[in-house]
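Here's the letter readout for the chains.
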Amino acid sequence: MISLIVAFDRQQVIGVDNRLPWHYKEDLKYFKETTMGHDLLMGRQTFESILSYQKKPLPNRHHYVLTQTKTYDFEMVTVLTDWKSFIKKYPKQKELFIIGG
């Protein structure tokens, strides 16, 4: 199963300068509870934004990062260059969350 998870303001802004434009504990708690134990698919900038907040990937979630230019040396991170092939092969019984903008 593929799920999208997003938070945005009234103008549909989801980020500013590769950062969240707000900090609501309730939003972060919901995101954590909803995605915990699942896989996350994101672009390079979203992943680097996560690293800028906490210097490591989100715990207990495998990160699939789409990029043509970077590699990362973290245990729970896989770099992808072809999202279409990845999606086609992703197990249907698992839930993948697409995050970021």
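Since we're looking at a predicted model, the values are computed, not measured.

Scoring rules and cut-offs
- Residues numbered from 1 in each chain as written.
- Predicted model: local features only at pLDDT ≥ 70, side-chain atom pairs only at ≥ 80, totals over all residues.
- Heavy atoms only, no water.
- Helix = DSSP H or I, 4+ residues; strand = E, 2+ residues; numbered from the N terminus.
- Polar contact = N/O pair within 3.5 Å; in protein donor to acceptor, adjacent residues only side chain to side chain.
- Patch = residues over 30% accessible without salt bridge, like charges linked within 9 Å, V, L, I, M, F, W, Y side chains within 5 Å.
- Areas by Shrake-Rupley, 256 points an atom, 1.4 Å probe, with all protein chains shown as cover.
- Salt bridge = Lys/Arg side-chain N within 4 Å of Asp/Glu carboxyl O.
- Core = buried A, V, L, I, M, F, W, Y, C linked by side-chain atoms within 4.5 Å.
- Buried < 20%, exposed > 50% of the residue type's maximum accessible area, 1.4 Å probe, protein only.
- Contact = heavy atoms within 4.5 Å.
- Pairing = 2+ DSSP bridges.
- Right-handed = clockwise from strand over helix to strand, strands pointing away.

Along the chain, the position of Q68 falls in the loop between β3 (62–66) and β4 (77–80). Remark: the alpha-carbon pair of Q68 and T81, spanning 13 residues in sequence, is separated by 5.7 Å. In terms of polar contacts, Q68 uses its side chain to reach the backbone carbonyl oxygen of T81, at 3.1 Å.

Positive phi values are uncommon outside glycine, yet K55 reaches one of about 70°. Structurally, the position occupied by K55 is in the loop between α2 (44–54) and β3. The backbone of N60 sits at a positive phi, close to 60°, despite the residue not being glycine. Note on placement: N60 falls in the loop between α2 and β3.

Attention shifts here to a nonpolar patch on the surface. Residues V6, F8 and I14 make up a contiguous nonpolar surface patch of about 280 Å² in total accessible area. On the secondary structure map, I14 appears in the loop between β1 (2–4) and α1 (25–35).

On to the nonpolar core. Within the largest apolar cluster, 12 residues are counted, these being I5, L40, M42, F47, I50, L51, L58, V65, Y72, V77, F97 and I99. Among the secondary structure elements, those contributing two or more residues to this core are β2 (39–43) and α2. Considering every element that reaches this core, the biggest residue donor is α2, with three residues. When near neighbours in sequence (up to four residues on either side) are disregarded, L40 contacts T35, L58, R61, H62, H63, Y64, L96, F97 and I99. Counting six residues, the second largest nonpolar core, distinct from the first, contains Y64, L80, F86 and L96.

Further remarks concern the pairing of β3. Among the five residues that make up β3, four are buried, leaving the element largely enclosed by the rest of the structure. Strand direction decides the pairing type here: β2 and β3, joined by five bridges, are parallel. When the sheet's bridge partners are listed, D39 is paired in β3 with H62. Running through α2, the crossover from β2 to the neighbouring parallel element β3 is right-handed.

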